[in-house]
Amino acid sequence: MSLTVGKDRVVRFEYVLSLDDGQVVDSSEGQEPLTYLHGHGNIIPGLERQMEGMEVGEERDITVEPEEGYGPYIEGHDLVVPLEEFPPNIKPEVGLGLLVETPDGQQVPYFVTEVSDTFVRLDPNHPLAGQRLHFKVKVVEVREATDEELAHGHAH
Ligand code: ZN
């Protein structure tokens, strides 16, 4: 009997991610399936929870609300950085993620949302924050994790 998706197992799966309007924003098509260690927060919570118990070969349509996805969109936290103050070794592009140090010394991930001739706009919201996510997933492999994978908390 083959294993089902569950805690401390390494899962390989194919997926297509679309939004409410049907727009496909991410997909494993044409690439390797995604591999992760189940039960260790390696993928978004709503997807991990709803893949629990799936069998190899099984396909499932999974809807994830923002709260269990990339979070609600929080207004008013964007930063406008003059282009000359942007790190010269980083080319700003929309969608780029980078760590920004806050006044209290924390490193917080921000994403570039706008690039003009004079400034770069950064937003702490994930580009998919506030979106309901529609996954079509197909499990292609499930195996027990190795001791090393469990110690590291991710799949190798
Ligand atoms: Zn490792």
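Preceding block: the structure.
Quick caveat, the model's predicted, so the values are computed rather than measured. (Residues numbered from 1 in each chain as written. Predicted model: local features only at pLDDT ≥ 70, side-chain atom pairs only at ≥ 80, totals over all residues. Heavy atoms only, no water.)

**Student:** Could you give me a rundown of the overall build of the chain, with the residues and numbers involved?
**Tutor:** Looking only at helices and strands, the chain features two helices and nine strands. Starting at the N terminus, the α and β elements of the chain follow one another as β-β-β-α-β-β-β-β-β-β-α. Taken along the three principal axes of its C-alpha coordinates, the chain extends 60 × 40 × 30 Å. Burial statistics for the chain: of 156 residues in total, 33% are counted as buried. Counting only contacts in the chain whose residues sit at least 6 apart along the sequence, the fraction spanning at least 24 positions is 62%. If you sum the accessible surface of the chain, you get close to 9,400 Å²; carbon and sulfur atoms cover 49% of it. Put simply, the chain has 11 plus and 31 minus side-chain charges, and the middle of one group is 7 Å from the middle of the other. (Helix = DSSP H or I, 4+ residues; strand = E, 2+ residues; numbered from the N terminus. Buried < 20%, exposed > 50% of the residue type's maximum accessible area, 1.4 Å probe, protein only. Contact = heavy atoms within 4.5 Å. Areas by Shrake-Rupley, 256 points an atom, 1.4 Å probe, with all protein chains shown as cover. Lys, Arg positive; Asp, Glu negative; His and termini not counted. Charge placed at Lys NZ, Arg CZ, Asp CG, Glu CD.)

**Student:** With reference to specific residues and values, describe the pattern of salt bridges.
**Tutor:** Applying the stated criterion across every chain yields a total of 13 salt bridges. Here the salt bridges do not stand alone but share partners, grouping Arg12, Glu32 and Glu141 into one network. (Salt bridge = Lys/Arg side-chain N within 4 Å of Asp/Glu carboxyl O.)

**Student:** Summarise the coordination of the zinc ion; cite the residues concerned and give the values.
**Tutor:** When a metal carries six donors in an octahedron, the ideal angles between them are 90 or 180 degrees, while four donors in a tetrahedron ideally lie at 109.5 degrees. Ligation of the zinc ion by protein atoms is provided by His152 (ND1), His154 (NE2) and His156 (NE2), these donors lying 1.9 to 2.2 Å from the ion. Each donor residue of the zinc ion belongs to the same chain, and together they define the spacing H-x1-H-x1-H. Histidine 156 sits in the partly exposed class, given a relative accessible area of 48%. (Donors = N, O, S within 2.8 Å, 3.2 Å for Na, K, Ca; no water.)

**Student:** Got a sec to walk through the side chain of glutamate 48? Specific residues and values, please.
**Tutor:** The residue glutamate 48 is located in helix α1 (residues 45-51) in this model. Of the side chains bearing the opposite charge, lysine 7 lies closest to the buried glutamate 48, which forms no salt bridge; the N-O distance is 8.1 Å. Residue contacts for glutamate 48: discarding those within four places in its chain leaves Tyr36, Leu37, His38, Gly39, His40, Gly41, Asn42 and Ile43.

**Student:** Lay out the side chain of asparagine 125 with the relevant residues and their values.
**Tutor:** Tracing the backbone shows asparagine 125 in the loop between β8 (119-123) and β9 (133-144). We classify asparagine 125 as buried; its relative accessible area is 8%. At a separation of 2.7 Å, a polar atom in the side chain of asparagine 125 contacts the main-chain carbonyl oxygen of isoleucine 74. Side chain to side chain, asparagine 125 and aspartate 123 meet in a polar contact 2.7 Å long. Sequence-distant contacts of asparagine 125, that is, excluding residues within four places in its chain, are made with Pro72, Tyr73, Ile74 and Phe111. (Polar contact = N/O pair within 3.5 Å; in protein donor to acceptor, adjacent residues only side chain to side chain.)

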